[in-house]
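So you can see what is in the structure, the chains are spelled out below.
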There are 2 protein chains.
Amino acid sequence: MVNNKLGIEKVGCYLPSARLDTLELGHKLGATDGFVSKKLGFTKLARKPDCEMTSDMCVSAHEDFAEQCHIHPEIGCLAVVTQNPDAGGIPHTSSIVHQKLGLSKRIACFDISLGCTGFVHGASIMIGFMRENGIKNGLLFTADPYSAVVSPSDRDTALLFGDGATCTLISSNPKYTLGRSRYLTDSKHSNAIRTIDNPRRTLSMNGSDVFRFVAKHVPREINDCLYENGLTIDQIDRFLIHQGSKFIVETLAAAIHAEPSKIAFTAETTGNTVSSSIPLMLAKVLQEETAPPTNLLLAGFGVGLSSFVTTLKRSK
Amino acid sequence: MVNNKLGIEKVGCYLPSARLDTLELGHKLGATDGFVSKKLGFTKLARKPDCEMTSDMCVSAHEDFAEQCHIHPEIGCLAVVTQNPDAGGIPHTSSIVHQKLGLSKRIACFDISLGCTGFVHGASIMIGFMRENGIKNGLLFTADPYSAVVSPSDRDTALLFGDGATCTLISSNPKYTLGRSRYLTDSKHSNAIRTIDNPRRTLSMNGSDVFRFVAKHVPREINDCLYENGLTIDQIDRFLIHQGSKFIVETLAAAIHAEPSKIAFTAETTGNTVSSSIPLMLAKVLQEETAPPTNLLLAGFGVGLSSFVTTLKRSK
């Protein structure tokens, strides 16, 4: 059987090189520079080429991951977190990634449909599945290119979302292990972030409903998560908060009374990359070799509406 | 913590009342009665009303489940297995089902994108997630209405798929617990079952590729699964084989030398209901009160291409 120490070992990242200038787009949509750069906080949004599929983005994130590996681990399962799968969703994108990476047959592949809670939630799902099936190494991908569903003329969404992907190795040789998680679904507002056919599949968002949900629930979820893990706010070295907007990260930082140096808005030149925003930050933490942080808190929130909060503890 | 006995307690089912006559449709498409009734085996296909969404089908399956409950269990997580989600996939269908059922906030919701392996694979994912998070009761839904993506003039798919949904209670008070599972992904043939835009999202299938995959891999997967669980073929009381077609079930029965009475084709008047085909059979097993079977083997195969095989053991 696998030991209890399944956790996160490595994260590979992919951000397309092209950028959309939100200040310029903001002018067209009647949004002030102050609103774009101070409130939303995104001055640029990462943009994939049109022809690039979700599976291609996963492959690119895997390239970055593979460059970090001296020995390539034998993978037992592969999951893709996305709500924008390749090819209309059949087959699951994970099997297409499996094909593009040329992996062996003895691998379980599945997609997890979640939005901004997808990485944290997905890590818990993967670890459970791996423990259940005695799997030592699994790859958890996040890739949700909202550029494919955002209308460029919609002020509520066009200035927010960037494209990105990550590839996380979950293994029995982890650098960080998950603590107890807290989760919540407020489906009364499930329509606050949704796709509609208009006539093509298009994202629609009620930003006020999302903000109210986050401001109301997430600070308490964070405090309850800390309590359940026997930790105080001061014992957390770094808060990796979903980068929904600069304003939402600042609102949460103030609400939980976290030291500003421990809770950062890092997505200014990428945009809100949905389920990739937290692992993009985690990838940087994993590269810190001198005095890496001991305790992290991860908080995802968004589509559902939902939140999923957990802690990570350095294991070596 | 949750004990080790998480497993399957109850299954609720939903089959729409309307039926499509495949013999009649077969005449139009140039398929003989013999091909339709002896090889495919489906004389009728269950058909949902056009207006019925995947989440509505889940709610109907939940109604059947709820009728079986004296006390309603407190649910901690809810997953929907589907590749045909509501509303273009955002939000996940599980949060819409959560809303329609009026469930409490303290529930983790996620969708799993898998096809015909979805129930068996999904049960393993759910049990792992529940154990990881100390959850005692979870609902696993399957609902994949292929009628929404099948072209009525496509002989390869129009005579095969029926609509149905199931709602399975996974709990710490199970009637059956899962054994060790075997899984496999043959993504070289990931295109064998896929959706294409033509111009609307339409299912396309290469039946020969699927058949070759199943005939080549699944008998060995079944035998290996039995071996890993310390069981012989004779110790299995019932084989619940994905009802891909009559021919495929008969081919597998012959290949594994199972007693014909233990391995049934039961989908003649419903069609291949994708991830619902196995739990629809399991629901009937769970209703057997006199001398219920002790050991079951469940084998799902299809989209990916993939297979997922496990055993179930009666726990009380």
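Worth saying up front: this structure is predicted, and the values here are computed from it rather than measured.

Quick notes on the rules
Residues numbered from 1 in each chain as written. Chains lettered and ligands numbered in written order. Predicted model: local features only at pLDDT ≥ 70, side-chain atom pairs only at ≥ 80, totals over all residues. Heavy atoms only, no water. Helix = DSSP H or I, 4+ residues; strand = E, 2+ residues; numbered from the N terminus. Rg over C-alpha atoms; globule rule 2.2 N^0.38 Å. Buried < 20%, exposed > 50% of the residue type's maximum accessible area, 1.4 Å probe, protein only. Contact = heavy atoms within 4.5 Å. Areas by Shrake-Rupley, 256 points an atom, 1.4 Å probe, with all protein chains shown as cover. Buried area = accessible area lost by both parts, 1.4 Å probe. Salt bridge = Lys/Arg side-chain N within 4 Å of Asp/Glu carboxyl O. Polar contact = N/O pair within 3.5 Å; in protein donor to acceptor, adjacent residues only side chain to side chain. Pairing = 2+ DSSP bridges. UniProt positions renumbered as here; feature names shortened; annotations may be inferred. Least-squares fit on C-alpha atoms with pLDDT ≥ 70 in both. Domains from an automatic or database assignment. Nonpolar A, V, L, I, M, F, W, Y, C, P; charged D, E, K, R; others polar. Core = buried A, V, L, I, M, F, W, Y, C linked by side-chain atoms within 4.5 Å. Axes fitted to C-alpha atoms, helices over the stretch in contact; angles between N-to-C directions. Parallel < 35°, antiparallel > 145°, perpendicular 65-115°, else oblique. Left-handed = near helix turned anticlockwise from the far one by under 90°. Patch = residues over 30% accessible without salt bridge, like charges linked within 9 Å, V, L, I, M, F, W, Y side chains within 5 Å. Lys, Arg positive; Asp, Glu negative; His and termini not counted. Charge placed at Lys NZ, Arg CZ, Asp CG, Glu CD. pLDDT = per-residue confidence, 0-100. Phe/Tyr/Trp six-rings, centres within 6.5 Å; stacked < 30°, edge-to-face > 60°. Lys NZ or Arg CZ within 6 Å of the ring centre and 35° of its normal.

For chain A, the helix and strand inventory stands at eight helices and 14 strands. For chain A, whose C-alpha radius of gyration is 18 Å, the value lies close to the compact-globule estimate of 20 Å for 316 residues. In terms of principal-axis extent, the alpha carbons of chain A reach across some 55 × 45 × 40 Å. When each of the 316 residues of chain A is scored for burial, the buried share is 62%. Restricting the contact set of chain A to residue pairs at least 6 apart, pairs at least 24 apart contribute 77%. For chain A, the accessible surface area stands at approximately 11800 Å², while carbon and sulfur atoms represent 50% of it.

In this complex, chain B contributes 52 residues to the contact, which on the side of chain A involves 52 residues. Of the roughly 4500 Å² buried at the junction of chain B and chain A (both faces included), carbon and sulfur atoms supply 53%. A per-residue breakdown of the area chain B buries against chain A is headed by B:Ile90, B:Arg106 and B:Tyr183, which together make up 17% of the total. There are four salt bridges connecting chain B and chain A. The residue B:Arg131 makes a salt bridge to A:Glu132 at a minimum N-O spacing of 2.6 Å. For the interface between chain B and chain A, the tally reads 32 residue pairs in polar contact (both at pLDDT 80 or more). For the side of chain B that touches chain A, the secondary structure elements donating two or more residues are helix 4 (93-101), strand 5 (108-113), helix 5 (118-132), strand 9 (182-185), strand 10 (193-197), strand 11 (201-205) and helix 6 (207-228) of chain B. Ranked by the residues each element gives to the side of chain B that touches chain A, the list is headed by helix 5 of chain B, at eight residues. Relative to strand 5 of chain B, strand 5 (residues 108-113) of chain A is paired through three bridges, and the arrangement is antiparallel. Paired with A:Asp111 across the bridge in strand 5 of chain B is B:Ser113.

Right, let's get into the side chain of A:Glu221. With respect to the helices and strands, the residue A:Glu221 is situated in helix 6 (residues 207-228). Residue A:Glu221 is classed as buried on the basis of its relative accessible area of 1%. A distance of 3.0 Å separates the side chain of A:Glu221 from the side chain of B:Arg106, its partner in a polar contact.

With that out of the way, let us pick up the UniProt feature "domain: Beta-ketoacyl-[acyl-carrier-protein] synthase III N-terminal" (unreviewed entry) in chain A. Summarizing the sequence annotation, UniProt attributes the feature "domain: Beta-ketoacyl-[acyl-carrier-protein] synthase III N-terminal" (unreviewed entry) to residues 110-174 of chain A in the numbering used throughout. A helix fraction of 23% and a strand fraction of 28% characterise residues 110-174 of chain A, whose end C-alpha atoms lie 22 Å from each other.

Attention now moves to the UniProt feature "domain: Beta-ketoacyl-[acyl-carrier-protein] synthase III C-terminal" (unreviewed entry) in chain A. Per the UniProt record, "domain: Beta-ketoacyl-[acyl-carrier-protein] synthase III C-terminal" (unreviewed entry) is found at residues 227-310 of chain A. Regarding residues 227-310 of chain A, the helix share stands at 27% and the strand share at 20%, and the terminal C-alpha atoms are separated by 11 Å.

This brings us to the relation of the copies chain B and chain A. Mapping between the two chain copies consists of a rotation about an axis together with a translation along that axis. Expressed as a screw transformation, the operator carrying chain B onto chain A has a rotation angle of 180° and an axial translation of 0.0 Å, and the superposed copies differ by an RMSD of 0.0 Å. Such a combination of rotation and displacement between the chain copies is what one expects of a two-fold axis. Every residue of chain B has its C-alpha some distance from the rotation axis, and the shortest such distance is that of B:Gly128, at 1.9 Å. Of all interface residues in chain B, 100% are interface residues in chain A too; the two copies therefore contact each other through one and the same surface.

This paragraph deals with the domain arrangement of chain A. Residues and elements named next belong to chain A. When the domains of chain A are assigned, the result is domain 1 (7-173) and domain 2 (178-314). The distance between the C-alpha centroids of domain 1 and domain 2 comes to 16 Å. Each partner contributes to the interface: domain 1 provides 49 residues, whereas domain 2 provides 39 residues. For the pairing of domain 1 and domain 2, the buried interface totals around 3600 Å² over both sides, and the portion due to carbon and sulfur atoms is 66%. Interface area lost by domain 1 to domain 2 is led by Cys 116, Val 120 and Val 149, which between them contribute 18%. Run the count over domain 1 and domain 2 and you get zero salt bridges. Applying the counting rule to domain 1 against domain 2 returns 16 residue pairs in polar contact (both at pLDDT 80 or more). If one sorts the elements of the side of domain 1 that touches domain 2 by residue count, helix 5 (residues 118-132) sits on top with seven residues. Looking at the side of domain 1 that touches domain 2, its residues break down into 22 nonpolar, 17 polar and ten charged.

Turning our eyes to something else, we now look at the nonpolar core. In terms of nonpolar packing, the biggest core is built from 68 residues, with A:Phe110, A:Leu282, B:Phe110 and B:Leu282 touching the most fellow members. Look past the residues within four positions of B:Leu282 in its chain and what remains in contact with it is B:Ile8, B:Val11, B:Phe119, B:Leu240, B:Leu296 and B:Leu312.

Note on strand geometry: in a regular strand, side chains alternate between the two faces of the sheet. All names here are of chain A. A large share of strand 1 (residues 7-14) lies buried, amounting to seven of its eight residues. Across seven bridges, strand 1 lies against strand 7 (residues 165-171) in antiparallel orientation. In the sheet register, Lys 10 faces strand 7, and the bridge partner there is Leu 169.

All names here are of chain A. The interhelical angle for the contact between helix 6 and helix 7 (residues 246-256), taken along N-to-C directions, is 40°, at an axis separation of 10 Å. Taken together, helix 6 and helix 7 sit at an angle that is classed as oblique. Crossing angle aside, the handedness with which helix 6 passes helix 7 is right-handed. Residues Phe 211, Val 214, Val 218, Pro 219 and Ile 222 of helix 6 form the contact with helix 7, whose participating residues are Phe 247, Ile 248, Thr 251, Leu 252, Ala 255 and Ile 256. The residue inventory of the contact of helix 6 with helix 7, partitioned by class, reads ten nonpolar, one polar and no charged.

A word on the pattern of salt bridges. All names here are of chain B. Considering all chains together, one arrives at 22 salt bridges over all chains under this definition. One salt bridge in this structure joins Arg 212 and Asp 209, with 2.9 Å as the shortest N-O distance. Taken together, the residues Arg 212 and Asp 209, both in helix 6 and three residues apart, mark about one turn of the helix. Since its relative accessible area comes to 18%, Asp 209 is described here as buried.

Positive charge collects at one region of the surface, where A:Lys105, B:Lys188, B:Lys216 and B:Arg220 lie side by side. Assignment of secondary structure puts A:Lys105 in the loop between helix 4 (93-101) and strand 5.

Another aspect to go through is the confidence of the model for chain A. In this model, chain A carries an average pLDDT of 95, and 99% of its residues clear a pLDDT of 70 or more. Across the predicted assembly, pTM comes out at 0.97 and ipTM at 0.96.

On to the packing of aromatic side chains. Under the counting rule described, the total for this entry stands at 14 aromatic pairs over all chains. Relative to A:Phe308, the ring of A:Tyr183 has its centre 5.8 Å away and its plane inclined at 25°; by these criteria the two rings are stacked. In this pair, A:Tyr183 is assigned in strand 9 (residues 182-185) and A:Phe308 in strand 14 (residues 306-314), connecting sequence segments 125 residues apart. Among the aromatic residues, those joined into a cluster by ring pairs are A:Phe110, A:Phe129, B:Tyr183 and B:Phe308. The ring centre of B:Phe35 lies 5.4 Å from the NZ or CZ of B:Arg155, which sits over that ring.

Here the focus is the environment of A:Phe301. Residues and elements named next belong to chain A. Of note, Phe 301 is situated in strand 13 (residues 295-302). Along the sequence, Phe 301 and Thr 185 sit 116 residues apart, while their C-alpha atoms lie 9.7 Å from each other. The contacts of Phe 301, once residues within four sequence positions are left out, are Cys 116, Thr 117, Phe 213, Val 214, Val 218, Ile 241, His 242, Ile 248, Leu 252, Ser 306 and Ser 307.

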